[in-house]
Amino acid sequence: MATRRGSYDRRFDSGRLCLDLVATGAGGPGTADPLDRPEGLADWLVAAGAVPRGTRLDGVDDHWLVCFRQLRSAVDRLLTAQLGGRAADGALERVNALAADAPPGLCAVRAGNGTLVRGLSAEPGCGALLAAVARDAVELLTDPVALAGLRRCEGDHCRRVYLDTSRGRRRRWCSSEVCGNRERVARHRRRHTDPAGASPAPEVPPAEKKVIPR
């Protein structure tokens, strides 16, 4: 899923909340970071599903920005270490500490049309929302099945991490519509502009020598 709001693309196609947080720092040139301003973070938390839609997050300030950027960095280090077969103990301690807090409490509330929708039992604080993302990271890192599908996008200049849940687990890009399409366009251009990439011309057999009878 990809939508546009303001000056940056909001994409939530990684498969997990914690991976979507890391993706906010993986934008290319000209892509703004939603964690650069309180309004952007509040908008992202709602769009990413960290809180139910319609939740007011008036308390988001610069302190929240610092905390979420630190969590993003820690989860990013953990994922990079996991994909590379290494350890990242400092980042693990940071994520575990944040996950120990209580996430926002959910409750069912009636909408204007009478249907039940998700709500929160209390106004969510910074620590509670950090815990929601950190716990998602802990659940991912301790789930062997999910970890088996952890991938780094193969697109040029893209470093997004995503979960490959496709049949056969042959997905190569974080988004087929974005990075996949860019690769297909680049491949098409190479075929039509690079002589070295063109198929060699078929070899023409030498003409048969005519034998004139005497």
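Draft legend 1. Here's a closer look at the layout of surface pockets. Computed from the structure, the second largest pocket encloses a volume of approximately 230 Å³. Lining the second largest pocket are 14 residues, with L17, A50, P103, P104 and A132 sitting closest to its centre. If you list the elements that add at least two residues to the lining of the second largest pocket, you get strand 4 (116-120) and helix 5 (126-141). Residue contributions to the lining of the second largest pocket peak at 4 residues, all from helix 5. Across the lining of the second largest pocket, the residue classes tally to 9 nonpolar, 1 polar and 4 charged.

Draft legend 2. Structural detail: helix 4 (residues 89-99). Every buried residue of helix 4 is accounted for by A91, V95, L98 and A99. The buried residues of helix 4 all sit within an arc of 100° when viewed along its axis, so they share a single face. Residues of helix 4 that are exposed and point over 90 degrees away from its buried face: D89, E93 and A97. Looking at the buried positions of helix 4, the neighbouring elements they touch are helix 3 (62-84) and helix 5.

Draft legend 3. Representation of the pattern of salt bridges within the structure. Scanning the model with the defined rule gives 6 salt bridges in all. As a salt-bridge pair, D76 and R159 come within 3.1 Å of each other at their nearest N and O atoms. Residue D76 is found in helix 3, and its partner R159 is found in the loop between strand 5 (150-152) and strand 6 (161-163); the two are separated by 83 residues along the sequence. Note on D76: relative accessible area 16%, which makes it buried. You can call R159 partly exposed: its relative accessible area is 35%. For D164, the salt bridge is made with R151, and the minimal N-O distance between the two is 3.9 Å.

What counts and what doesn't
- Residues numbered from 1 in each chain as written.
- Predicted model: local features only at pLDDT ≥ 70, side-chain atom pairs only at ≥ 80, totals over all residues.
- Heavy atoms only, no water.
- 1 Å grid on protein atoms, 1.4 Å probe; cavity = no way out; pocket = protein on both sides within 12 Å on 5 of 7 lines; lining within 4 Å.
- Points joined across faces, edges and corners; volume = space filled by probe spheres on them.
- Helix = DSSP H or I, 4+ residues; strand = E, 2+ residues; numbered from the N terminus.
- Nonpolar A, V, L, I, M, F, W, Y, C, P; charged D, E, K, R; others polar.
- Buried < 20%, exposed > 50% of the residue type's maximum accessible area, 1.4 Å probe, protein only.
- Arc of directions from axis to C-beta.
- Contact = heavy atoms within 4.5 Å.
- Salt bridge = Lys/Arg side-chain N within 4 Å of Asp/Glu carboxyl O.

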